[in-house]
Amino acid sequence: MSRSDVLVDADWVQAHLDDPKVVIVEVDEDTAAYDKNHIRNAVRIDWKKDLQDPVRRDFVDQAGFEALLSAKGIANDDTVVLYGGNNNWFASYAFWYFKLYGHQDVRLLDGGRKKWELDSRDLVDGAEVPNRPATEYRAQAQNTALRAFRDDVVNAIGAKNLVDVRSPDEFSGRLLAPAHLPQEQSQRPGHVPTARNIPWSKNANDDGTFKSDEELRALYAAEGVDLSKETIAYCRIGERSALTWFVLHQLLGQENVKNYDGSWTEYGSLVGVPIELGAN
Amino acid sequence: MCGAKAGGPDLAGVDVANETIIQGSVTRDGEPVNGYVRLLDASGEFTAEVPTSATGQFRFFAAEGQWTVRALVPGATVDRKVVASKGALTEVPIAV
């Protein structure tokens, strides 16, 4: 696997806007962003409505994912290109989710919506929605080799790499959420003991594109992460750590990396687990 | 759109007394600019980023202390250093 298999630039997307076997999918934290405007022929996946179980805190199951992709007109052999706002946070989350259910060819638009906008590329009105005929998508069983659960994290303390990708202030316990959100959570602040704080933003340039493989390898080496060991990445709800998972697993080719989607909103609410405060 | 609005977004429903708010607007020749605003902490590390609203406005819920607000718009990047405190609005008008 190489970088070009999982990451495409804006020119590539521009050249494939009318390719019927390429499905461009917008996934945003702000799920209404697509309604304002979007890349022509892009479909929307709503990370809250489409990707979460409506009752329990968990993902939609295999049948639910099949129904979703079928309705969106995505076939098993389509190339799916994901993009979104927030430097691709939720597009990365969707990428990881697509891989969890075994989609073969899924890629990220490097820099996401921001890079596209900063390049002043065309976006179409939100009402202009492509008409993709429904498919009969078949998903695979969830590949839990990519997903960490709370006990995996507790057992990883002092034993595996734990990478906390939140901002330094969230890591130290000074903030409970990213600073563009109200600070209203009730769980305990802090981080998992022995976790290294390597904010997701260190993986990206200001315009949202990923740094080079060499820069990324140097980053994790300088932070003392031994990539030969198993690694679990986490953040607050698992979307920023999906971006770090993408970097480590997809760009740098590290097989033994999991994303902990329960992340701090779960861990910081568990009774009796160890928590550490303070900076790295 | 009918021009920029001064100051940050509407505060209805925001618990101003208990939040540390940094907000403002990004304009070019008095007109709102669509782009992004990122918040960097005292060490220059990324903390948050938001797209500007249709009227060029942005808001962050931060903690007390020194921050850098960086506007990223097509063709320009502009930094503003601010000091935020709880219960007080820190208004940051940015002209690019």
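Scroll up a little and you will see the structure.
Residues numbered from 1 in each chain as written. Chains lettered and ligands numbered in written order. Predicted model: local features only at pLDDT ≥ 70, side-chain atom pairs only at ≥ 80, totals over all residues. Heavy atoms only, no water.

**Comments concerning the interface of chain B and chain A**
Thinking step 1. Across the contact, 23 residues belong to chain B and 24 residues belong to chain A.
Thinking step 2. The tally of links from chain B across to chain A stands at 4 salt bridges.
Thinking step 3. Among the salt bridges present, the one from Lys 114 of chain A reaches Glu 49 of chain B, with a minimum N-O distance of 2.9 Å.
Thinking step 4. Here chain B is connected to chain A by 8 residue pairs in polar contact (both at pLDDT 80 or more). (Contact = heavy atoms within 4.5 Å. Salt bridge = Lys/Arg side-chain N within 4 Å of Asp/Glu carboxyl O. Polar contact = N/O pair within 3.5 Å; in protein donor to acceptor, adjacent residues only side chain to side chain.)

**Regarding the packing of aromatic side chains**
Residues and elements named next belong to chain A.
Thinking step 1. Within this structure, the stated rule accounts for 21 aromatic pairs over all chains.
Thinking step 2. Ring centres of Phe 95 and Trp 245 lie 6.3 Å apart, and the angle between their planes is 50°; on these two criteria the pair is classed as tilted. Within this pair, whereas Phe 95 is found in helix α5 (residues 85-100), its partner Trp 245 is found in helix α10 (residues 240-251), the two being separated by 150 residues in sequence.
Thinking step 3. Feature note: the residues Trp 47, Phe 59, Phe 65, Phe 90, Tyr 93, Trp 96, Tyr 97, Phe 98, Tyr 101 and Tyr 137 constitute an aromatic cluster, connected by ring pairs.
Thinking step 4. Here Arg 147 stacks its cationic end above the ring of Phe 59, 4.0 Å away from the centre of that ring.
Thinking step 5. The lysine or arginine in question, Arg 240, covers the ring of Trp 89, its NZ or CZ lying 5.2 Å from the ring centre. (Phe/Tyr/Trp six-rings, centres within 6.5 Å; stacked < 30°, edge-to-face > 60°. Helix = DSSP H or I, 4+ residues; strand = E, 2+ residues; numbered from the N terminus. Lys NZ or Arg CZ within 6 Å of the ring centre and 35° of its normal.)

**Quick notes on the sheet that holds strand β7 (residues 76-84) of chain B**
Residue and element names in this part refer to chain B.
Thinking step 1. Reading across from one edge, β4-β3-β6-β7 is the order of the 4 strands in this open sheet, with antiparallel pairing throughout. Strand pairing shows two members of the sheet lacking a second neighbour, β4 (46-51) and β7, which therefore form its edges. Strand-to-strand twist in this sheet, taken as the mean axis angle between neighbours without regard to direction, amounts to 20°.
Thinking step 2. Pairing of strand β3 (residues 36-40) with β4 involves 5 bridges; the strand directions are antiparallel. Residue pairing for β4: Leu 39 is matched across the bridge by Ala 48. (Pairing = 2+ DSSP bridges. Axes fitted to C-alpha atoms, helices over the stretch in contact; angles between N-to-C directions.)

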